[in-house]
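Residues per chain, in single letters:
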Amino acid sequence: MTTAYIHDNTNKPLIDASTAGPSTPYDHGAGHVNPVKALDPGLIYDIGAQDYFDFLCTQGLEPSQLVVFEKFSKRTCRHSLRNPGDLNYPAISAVFPETLNVTVVTLYRTVTNVGPPVSSYHVAISPFEGAVVKVEPSRLNFNGKRKETILQDYFHYKISQNSSRIWIFDMERWVT
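It should be emphasised that the depicted structure is a prediction, and the values quoted were computed from it without experimental measurement.

Enquirer: Whenever I open this one, the overall build of the chain confuses me. Can you help?
Expert: Along the chain, the regular secondary structure elements total four helices and seven strands. Along the chain direction, N to C, the helices and strands of the chain fall in the order α-α-β-α-α-β-β-β-β-β-β. Expressed as a percentage of the 176 residues in the chain, the buried residues total 29%. Sequence-distant contacts in the chain: of pairs separated by 6 or more residues, those separated by 24 or more amount to 63%.

Enquirer: Quick question: what am I supposed to make of the side chain of Arg 109 here?
Expert: If you trace the backbone, Arg 109 turns up in strand β2 (residues 104-113). We note that Arg 109 is buried and unpaired, the nearest opposite charge coming from Asp 86 at a distance of 4.6 Å. Within the structure, Arg 109 has its side chain in polar contact with the backbone oxygen of Gly 85 (distance 2.7 Å). A polar side-chain atom of Arg 109 sits 3.3 Å from the main-chain carbonyl oxygen of Leu 87. Every residue in contact with Arg 109, bar those within four places of it in the chain, is listed here: Tyr 45, Gly 85, Asp 86, Leu 87, Asn 88, Tyr 89, Ala 91, Ile 92, Thr 149, Ile 150, Leu 151 and Asp 153.

Enquirer: What exactly am I supposed to notice about the environment of Leu 81 here?
Expert: Relative to the elements of secondary structure, Leu 81 occurs in the loop between α4 (63-70) and β2. For the pair Leu 81 and Phe 55, spaced 26 residues apart in sequence, the C-alpha separation works out to 7.0 Å. Residues in contact with Leu 81, not counting those within four places in the same chain, are Asp 51, Asp 54, Phe 55, Thr 58, Asp 86 and Leu 87.

Enquirer: Honestly, helix α3 (residues 49-57) in this entry has me stumped. Any pointers?
Expert: Every α-helical turn comprises 3.6 residues, leaving residues that sit three or four positions apart pointing alike. Those residues of α3 that fall on the buried side of the exposure criterion are Gln 50, Phe 53, Asp 54, Leu 56 and Cys 57. Along the axis of α3, the buried positions cluster into a sector of 155 degrees, meaning they face one direction only. Residues of α3 that are buried sit in contact with α4.

Enquirer: When you look at the packing of aromatic side chains in this model, what are you seeing that I'm missing?
Expert: To describe a pair of aromatic rings, one takes the distance between the centres and the angle between the planes. Within this structure, the stated rule accounts for one aromatic pair. Over the aromatic face of Tyr 108 sits the side chain of Arg 82, whose NZ or CZ is 3.7 Å from the ring centroid.

Enquirer: Whenever I open this one, a nonpolar patch on the surface confuses me. Can you help?
Expert: Together, Val 67, Val 68 and Phe 69 make up an exposed nonpolar region whose accessible area comes to about 280 Å². Looking at the secondary structure, you find Val 68 in helix α4.

Enquirer: Help me out: how do you make sense of the nonpolar core in this one?
Expert: Soluble globular proteins: nonpolar side chains tend toward being buried together. By size, the foremost hydrophobic cluster in this structure holds nine residues: Ile 92, Ala 94, Phe 96, Val 105, Leu 107, Val 123, Val 133, Val 135 and Phe 155. Taken together, the elements giving at least two residues each to this core come down to β2 and β4 (131-136). The residues touching Leu 107, leaving out its near neighbours within four places in the chain, are Asn 83, Gly 85, Asp 86, Ile 92, Ser 93, Ala 94, Leu 151, Gln 152, Asp 153 and Phe 155. In this structure, Tyr 45, Val 111, Phe 142 and Leu 151 belong to the second largest nonpolar core, which totals seven residues.

Enquirer: Can you help me understand the confidence of the model for the chain in this one?
Expert: The predicted structure's coordinates, where accompanied by low pLDDT, should not be read in detail. Confidence in the prediction of the chain, expressed as mean pLDDT, is 79, and 82% of residues score 70 or more. Mean pLDDT per element in the chain: strand β7 (residues 172-175) is the minimum at 63, and α3 is the maximum at 91. Note on residues 159-166: pLDDT under 50 across the span, and 10 contacts to partners over four residues away in sequence or across chains.

Enquirer: Help me understand the side chain of Ser 119 in this model?
Expert: Note that Ser 119 resides in strand β3 (residues 118-125). The exposure class of Ser 119 is buried, given its relative accessible area of 10%. There is a polar contact of 3.3 Å between the side chain of Ser 119 and the side chain of Asn 113. Separated by 2.9 Å, the side chain of Ser 119 and the backbone oxygen of Pro 116 make a polar contact. Other than its neighbours up to four places away in sequence, Ser 119 contacts Asn 113, Leu 140, Asn 141 and Phe 142.

Definitions and limits used
- Residues numbered from 1 in each chain as written.
- Predicted model: local features only at pLDDT ≥ 70, side-chain atom pairs only at ≥ 80, totals over all residues.
- Heavy atoms only, no water.
- Helix = DSSP H or I, 4+ residues; strand = E, 2+ residues; numbered from the N terminus.
- Buried < 20%, exposed > 50% of the residue type's maximum accessible area, 1.4 Å probe, protein only.
- Contact = heavy atoms within 4.5 Å.
- Lys, Arg positive; Asp, Glu negative; His and termini not counted.
- Salt bridge = Lys/Arg side-chain N within 4 Å of Asp/Glu carboxyl O.
- Polar contact = N/O pair within 3.5 Å; in protein donor to acceptor, adjacent residues only side chain to side chain.
- Arc of directions from axis to C-beta.
- Phe/Tyr/Trp six-rings, centres within 6.5 Å; stacked < 30°, edge-to-face > 60°.
- Lys NZ or Arg CZ within 6 Å of the ring centre and 35° of its normal.
- Patch = residues over 30% accessible without salt bridge, like charges linked within 9 Å, V, L, I, M, F, W, Y side chains within 5 Å.
- Areas by Shrake-Rupley, 256 points an atom, 1.4 Å probe, with all protein chains shown as cover.
- Core = buried A, V, L, I, M, F, W, Y, C linked by side-chain atoms within 4.5 Å.
- pLDDT = per-residue confidence, 0-100.

What follows is the structure in structure tokens.
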């Protein structure tokens, strides 16, 4: 997912075959896999089975429902996520509550450097309508000792008279 692409070889958006128009994340998901980049991704969003279980714990499931997922692993809810959007996953979904008085959603991710021990990355965000995205820190510098960095993604909702609900597709990339 961190090495997938959503543009063709002329740098135009991938085309949805059913409409002949530009595709959206609903059409192409994370994008097309680039197997060469997958061999050396640079940064990853590391995640394990307990992280997924903690995500399920944020969903308001009853203990009788969670037991299906902990059956063979004896997992318990660690409550390590502030909200479901903090699942350490490369796909970022900012869900704004129905009430328009909430205009900022902050989500957290941890990236791990699996590239060269001494390396730098900066964030590149593709513009889109409906929100302004800010990532802190916007530049990551690894000096050979530190391998992980916590990121804060701030989504600032632009209130529109025409729409009470928007879908935001975060096009956040880390570039060396």
